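# Chains, contacts and geometry: an overview
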Amino acid sequence: MLLVAVYAAAVEPPATSRYLNGHFHGNAKASETEVTGSALKPYDLDVYRGLTLVDSPEATEAIEKAVATDSRSATDREVSYRDGRIYYAFLTLKPIKGKNRYVFYLNQNLAGGDKIILIYMSGKADADKIKKMIKK
């Protein structure tokens, strides 16, 4: 029984995943992107899901809480705060079936902007390759 619980915890989707699976479908303030297949091969990724949300403080707060939850279970994390809020997070999550998993979050509202960006990626790419890709 304990082994089943440990396995379930290891493969549980990240808390942020609920916001990347059509949660904002039809919301004019949201832009959702999902890429799979051959377009990701140059990046050594299998899945890329992104959300850009403009001028949505309530949703931003909920997403930030999910990022904080994912941060606690991340195997590696880079998190930057402004005014006590998460401004930037790059999280490496536990791999599943040999696939590395990453969450990237940027709250531009805290730097004078009006949007947040949330991205989930999985594949063989290492963290350095993902960081270079994000910086482009």
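Report on the accompanying structure. (Residues numbered from 1 in each chain as written. Predicted model: local features only at pLDDT ≥ 70, side-chain atom pairs only at ≥ 80, totals over all residues. Heavy atoms only, no water.)

### Digging into the overall build of the protein
Cut-off, in case you're wondering: By the criteria applied, helices consist of DSSP H or I runs no shorter than four residues and strands consist of E runs no shorter than two, each listed in order from the N terminus. Only protein chains enter the area calculation, which uses a 1.4 Å probe; residues under 20% of their type maximum are buried, those over 50% are exposed, and those in between are partly exposed. All accessible areas in this document rest on Shrake-Rupley with a 1.4 Å probe, and a residue is counted as covered only by the protein chains that are shown.
Tallying secondary structure elements over the protein gives three helices and six strands in all. Seen through its principal axes, the protein has C-alpha atoms that stretch 45 × 35 × 30 Å. The buried share among the 136 residues of the protein stands at 38%. Roughly 8,000 Å² of accessible area belongs to the protein as shown, and the carbon and sulfur atoms make up 52% of that amount.

### Description of unusual backbone geometry
The phi dihedral of aspartate 55 is positive, around 50 degrees, even though this residue is not glycine. Relative to the elements of secondary structure, aspartate 55 occurs in the loop between strand S2 (45-54) and helix H2 (57-73). Unusually for a residue other than glycine, lysine 97 sits at a positive phi of about 50 degrees. By secondary structure assignment, the location of lysine 97 is in the loop between strand S4 (85-96) and strand S5 (99-107). We classify lysine 97 as exposed; its relative accessible area is 75%.

### Overview of the environment of isoleucine 86
With respect to the helices and strands, the residue isoleucine 86 is situated in strand S4. For the pair isoleucine 86 and leucine 106, spaced 20 residues apart in sequence, the C-alpha to C-alpha distance is 8.1 Å.

### A few points about helix H3 (residues 127-135)
For the record, the criterion: In this context, the arc is that of the directions from the helix axis out to the C-beta atoms. Here, two residues are considered to be in contact whenever any of their heavy atoms come within 4.5 Å of each other.
All of the buried residues in H3 are Ala127, Ile130 and Met133. Taken around the axis of H3, the buried residues stretch over an arc of 120 degrees, which confines them to a single face. The exposed residues of H3 that point more than 90 degrees off its buried face are Asp128, Lys132 and Lys135. Tucked inside the fold, the buried residues of H3 contact S2, S4, S5 and strand S6 (115-123).

### Describing the environment of valine 35
Note that valine 35 resides in strand S1 (residues 30-36). Residue valine 35 is classed as partly exposed on the basis of its relative accessible area, which comes to 24%. In this structure, valine 35 is in contact with Leu40, Asp46, Val47 and Tyr48, ignoring residues within four places of it in sequence.

### Details of the sheet that holds S5
What counts is decided by this rule: Two strands qualify as a pair provided that DSSP identifies no fewer than 2 bridges between them. Each axis is a line fitted through C-alpha atoms, and for a helix only the stretch in contact is used; angles between axes span 0 to 180 degrees, taken between their N-to-C directions.
Spatially, six strands are ordered S1-S2-S6-S5-S4-S3 in an open sheet, and the strand pairing comes out antiparallel. Strands at the two margins of the open sheet, each flanked by one partner only, are S1 and strand S3 (76-82). Each strand of the sheet is rotated relative to its neighbour by a mean of 10 degrees, with strand direction disregarded. Contacts from H2 reach S2, S3, S4, S5 and S6 within the one sheet, and its direction differs from that of S4 by about 45 degrees.

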